[in-house]
Number of protein chains: 2
Amino acid sequence: MLELRLVQGSLLKKVLDAIKDLVTDANFDCSSTGFSLQAMDSSHVALVALLLRSDGFEHFRCDRSVSVGMNLNNMAKMLKCASNDDIITIKSDDGGDAVTFMFESPNQDKISDFEMKLMDIDSEHLGIPEAEYHAIVKMPSSEFATICKDLSTIGDTVMISVTKEGVRFSTKGDIGSANIVCRQNTSVDKPEEATIIEMQEPVSLTFALRYLNSFTKATPLSSSVTISLSSELPVVVEYKIADMGYLRFYLAPKIEDEGDES
Amino acid sequence: MLELRLVQGSLLKKVLDAIKDLVTDANFDCSSTGFSLQAMDSSHVALVALLLRSDGFEHFRCDRSVSVGMNLNNMAKMLKCASNDDIITIKSDDGGDAVTFMFESPNQDKISDFEMKLMDIDSEHLGIPEAEYHAIVKMPSSEFATICKDLSTIGDTVMISVTKEGVRFSTKGDIGSANIVCRQNTSVDKPEEATIIEMQEPVSLTFALRYLNSFTKATPLSSSVTISLSSELPVVVEYKIADMGYLRFYLAPKIEDEGDES
DNA sequence: AAAAAGTCTG
DNA sequence: CAGACTTTTT
């Protein structure tokens, strides 16, 4: 028996909007710790990791650890039927082949329940090693989204270079090239507007903008984003989910001086 | 001679936006009582009935009862040329083959007139019998629109069931099923936000969501909608037009246990 | 890909 | 209030 009650239902809606274009089907893993998901994108290039800790739910009942496979597009469709101020409850019977999403309006006048068939999904559960990162950049998520969108009008890849001066995003394409440099800046009104660069050593890596632009679908989840970089390692783009956990995206860098294999 | 002067011209614009997708050509019937229309939709499944009483017009002259046939898409096009705060006057000479729409800006700075050719339209004028309804649900029109839209992402038809507990909208489709229950609720700030259920006996009927979604195009006309249900009878979905009349839609229920013939 | 809805700005 | 634009939906 599974019964998870989330007062801020809009969080779950935003999570699904953020990942449904990247991953079509995935297993949600539920244990007493929380509700989590780990899945490769359909082209097996990027990895998505979601964690919603149990203490972020108003009510969290999970009798035994289970893995429930869902089609994320269908799940997103159903969640779209919840209002942003609805309370969402996820229910599933052990051994059952369906999950129920219940939406309660704040004043309890309208109660909806949507039932969805579960799927059997093979998933290689990859252990993601905790790594030391050469550089960690924290910046406003909307600014990161704008940079990725702007640069993709010029080129297909972005080189992210972190130095003491700041973080540089550069691209090159048929029509020209572009560089956007963001300096560290902590003297802002609100902490979420800050740009903070923690650098152990300079690092410079190149990524496909197509994937980064997918990741920025998570922008509504958090006003800031953290980008962790180490040479040879996949970048981690993390959106914190207030009081509950995170949505992280992993993407391997392109090897320099190599053409696009797409 | 026909001359109808409507100060709140935006009402007529909204009426045409609401029905032009359902009905292509129709006769408007004008008598000393008012301005009305009754027409089947192009697939002859739904019926539209409009009434604008003469006393809602600033000036209402109709020497003898006439029926003027118009192409509603063309009429809507012309009305779109009126500003929302314009005064609209409809004029037509007896025996003439055209109608004139005159738009006056509130400060009289701009006066437009648009002339449109009339059409000869055969119309079976159906007498709609006043019926007793087993259940009458009044609810916010925007909520009804949202429910119909949400459910149509899951299925093609909706079963509307009224019990003492409230009104239930249910559907079933390939990806799952859904139920939305709205309870009676009169303790709201504004009367138009109330949900009121008058039930003589429980009733449960199934309708094609495609048509209900067309009906909800009338949502801008009124903040609440009234849904009248009786077994075996067409549902009536009514949007009151303040101080003037109503726009009603009639739709026959689907016979239960029958597959979609679409 | 086209249409419709919503949002924003002038 | 309207036009344009963006965003979403079919």
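Computed from a predicted model, the values in this text were never measured in an experiment.

Rules behind the numbers
Residues numbered from 1 in each chain as written. Chains lettered and ligands numbered in written order. Predicted model: local features only at pLDDT ≥ 70, side-chain atom pairs only at ≥ 80, totals over all residues. Heavy atoms only, no water. Near = heavy atom within 4 Å. Polar contact = N/O pair within 3.5 Å; in protein donor to acceptor, adjacent residues only side chain to side chain. UniProt positions renumbered as here; feature names shortened; annotations may be inferred. Helix = DSSP H or I, 4+ residues; strand = E, 2+ residues; numbered from the N terminus. Pairing = 2+ DSSP bridges. Axes fitted to C-alpha atoms, helices over the stretch in contact; angles between N-to-C directions. Contact = heavy atoms within 4.5 Å. Buried < 20%, exposed > 50% of the residue type's maximum accessible area, 1.4 Å probe, protein only. Buried area = accessible area lost by both parts, 1.4 Å probe. Salt bridge = Lys/Arg side-chain N within 4 Å of Asp/Glu carboxyl O. Nonpolar A, V, L, I, M, F, W, Y, C, P; charged D, E, K, R; others polar. Least-squares fit on C-alpha atoms with pLDDT ≥ 70 in both. Left-handed = near helix turned anticlockwise from the far one by under 90°. Domains from an automatic or database assignment.

Take the protein's contact with DNA strand D next. Residues and elements named next belong to chain B. Neighbouring DNA strand D are Ser 83, Asn 84 and Asp 85. Ser 83 is positioned with one of its side-chain polar atoms (N or O) 2.5 Å from a phosphate oxygen of DNA strand D. Residue Asn 84 places a side-chain N or O atom 3.5 Å away from a phosphate oxygen belonging to DNA strand D.

Before going further, it helps to examine the UniProt feature "domain: Proliferating cell nuclear antigen PCNA N-terminal" (unreviewed entry) in chain A. Here, UniProt's "domain: Proliferating cell nuclear antigen PCNA N-terminal" (unreviewed entry) annotation points to residues 1-125 of chain A. Along residues 1-125 of chain A one finds 16% helix and 46% strand; the C-alpha atoms at either end are 23 Å apart.

Further remarks concern the sheet that holds strand 12 (residues 166-173) of chain B. Strand order in the open sheet made by the 9 strands is 5(A)-1(A)-7(A)-8(A)-9(A)-13(B)-12(B)-11(B)-15(B), with antiparallel pairing throughout. The open sheet has two free edges, formed respectively by strand 5 (59-62) of chain A together with strand 15 (203-208) of chain B, since each of these has just one partner strand. Averaged over all pairs of adjacent strands, the angle between their axes in this sheet comes to 15°, without regard to strand direction. Judged from the 4 bridges that link them, strand 1 (residues 2-6) of chain A and strand 5 of chain A form a sheet pairing that is antiparallel. Bridge pairing in strand 5 of chain A places Leu 2 of chain A opposite Cys 62 of chain A. Against the sheet, helix 1 (residues 9-19) of chain A engages strand 1 and strand 7 (87-92) of chain A, with an angle of about 70° to strand 7 of chain A.

What follows is about the environment of Gly 96 of chain A. All names here are of chain A. As for its position among the elements, Gly 96 is in the loop between strand 7 and strand 8 (98-104). By relative accessible area, Gly 96 is classed as partly exposed at 33%. Expressed as a C-alpha distance, the spacing of Gly 96 and Gly 127, which sit 31 residues apart in the sequence, is 28 Å.

It is worth spelling out the interface of chain A and chain B at this point. Contacts between the two partners involve 16 residues from chain A, matched on the other side by 15 residues from chain B. Summing both partners gives a buried area of about 1,300 Å² for chain A against chain B, and 47% of it is carried by carbon and sulfur. Linking chain A with chain B are 1 salt bridge. Put simply, Arg 183 of chain B and Asp 109 of chain A hold a salt bridge, and the shortest N to O gap is 4.0 Å. Here chain A is connected to chain B by 5 residue pairs in polar contact (both at pLDDT 80 or more). Counting residues per element, the ones that place at least two in the side of chain A that touches chain B are helix 2 (72-80) and strand 9 (110-117) of chain A. A total of 8 residues in the side of chain A that touches chain B trace back to one element, the largest contributor, which is strand 9 of chain A. A breakdown of the residues in the side of chain A that touches chain B according to their chemical character gives 5 nonpolar, 4 polar and 7 charged.

Turning our eyes to something else, we now look at the relation of the copies chain A and chain B. Superposition record for chain A on chain B: RMSD 0.1 Å, screw rotation 117°, translation along axis 0.0 Å. In short, the pair behaves as if placed about a three-fold rotation axis. Nearest to the rotation axis, the C-alpha of Pro 220 of chain A is located 17 Å from it, this being the minimum over chain A.

Our focus in this paragraph is the pattern of salt bridges. Between side chains of opposite charge, pairing is possible as soon as their charged atoms come close. All names here are of chain A. Scanning the model with the defined rule gives 19 salt bridges over all chains in all. Across the pair Lys 80 and Asp 17 runs a salt bridge, and its minimum N-O distance is 3.0 Å. On the criterion of sequence distance, the pair formed by Lys 80 in helix 2 and Asp 17 in helix 1 is long-range, its members being 63 residues apart. Its relative accessible area of 47% is what places Lys 80 among the partly exposed residues. Its salt-bridge partner being Lys 240, residue Glu 238 comes within 2.3 Å of it at the nearest N-O pair. For Glu 238, a relative accessible area of 9% translates into the label buried.

In helix packing, the relevant descriptors are the interaxial angle and the interaxial distance, both defined with respect to the helix axes. Residues and elements named next belong to chain B. Interhelical geometry of helix 1 (residues 9-19) versus helix 2 (residues 72-79) gives an angle of 145° and a closest axis separation of 9 Å. Seen along the crossing, helix 1 lies across helix 2 with a hand that is left-handed. Residues Leu 12, Lys 13, Leu 16 and Ile 19 of helix 1 form the contact with helix 2, whose own contacting residues are Leu 72, Met 75, Ala 76 and Leu 79. Here the contact of helix 1 with helix 2 is composed, by residue class, of 7 nonpolar, no polar and 1 charged.

Before going further, it helps to spend a moment on the domain arrangement of chain A. Residue and element names in this part refer to chain A. According to the domain assignment, chain A contains domain 1 (2-117) and domain 2 (135-251). Averaged C-alpha coordinates put domain 1 and domain 2 at centres separated by 27 Å. Contact residues are listed per partner, giving 23 residues for domain 1 and 17 residues for domain 2. For the interface between domain 1 and domain 2, the tally reads 0 salt bridges.

We now examine unusual backbone geometry. All names here are of chain B. Its identity is not glycine, yet Gln 108 carries a phi of approximately 70°, on the positive side. Looking at the element boundaries, Gln 108 is found in the loop between strand 8 (98-104) and strand 9 (111-117). According to the relative accessible area criterion, Gln 108 is partly exposed, its value standing at 40%. With a phi angle near 65°, Asp 243 is a residue other than glycine that sits in the positive phi range. By the element assignment, Asp 243 lies in the loop between strand 17 (235-241) and strand 18 (245-251).

Of all 11 residues that make up helix 1 of chain A, 9 are buried, and the element is covered over most of its length. Taken residue by residue, helix 1 of chain A has Gly 9, Ser 10, Leu 11, Leu 12, Lys 13, Val 15, Leu 16, Ala 18 and Ile 19 of chain A as its buried positions.

On to the pairing of strand 2 (residues 25-31) of chain B, then. All names here are of chain B. The buried count for strand 2 comes to 5 of 7 residues, which makes it a mostly enclosed element. Pairing analysis gives 6 bridges linking strand 2 to strand 6 (residues 66-71), with the strands arranged antiparallel. Across the sheet, Ala 26 pairs through a bridge with Met 70, a residue of strand 6. For strand 2 and strand 3 (residues 34-40), the ladder comprises 4 bridges, and the chain directions are antiparallel. Counted as the bridge partner of Asp 29 is Ser 36 from strand 3.

Working definition: the strands of a sheet are paired by backbone hydrogen bonds and lie parallel or antiparallel to each other. Residues and elements named next belong to chain A. As summarised here, the arrangement of the 4 strands in space is 13-12-11-15, forming an open sheet in which the pairing is antiparallel. Among the strands making up the open sheet, the edge pair consists of strand 13 (176-182) and strand 15 (203-208). Neighbour-to-neighbour, the strand axes of this sheet turn through a mean angle of 20°, independent of strand direction.

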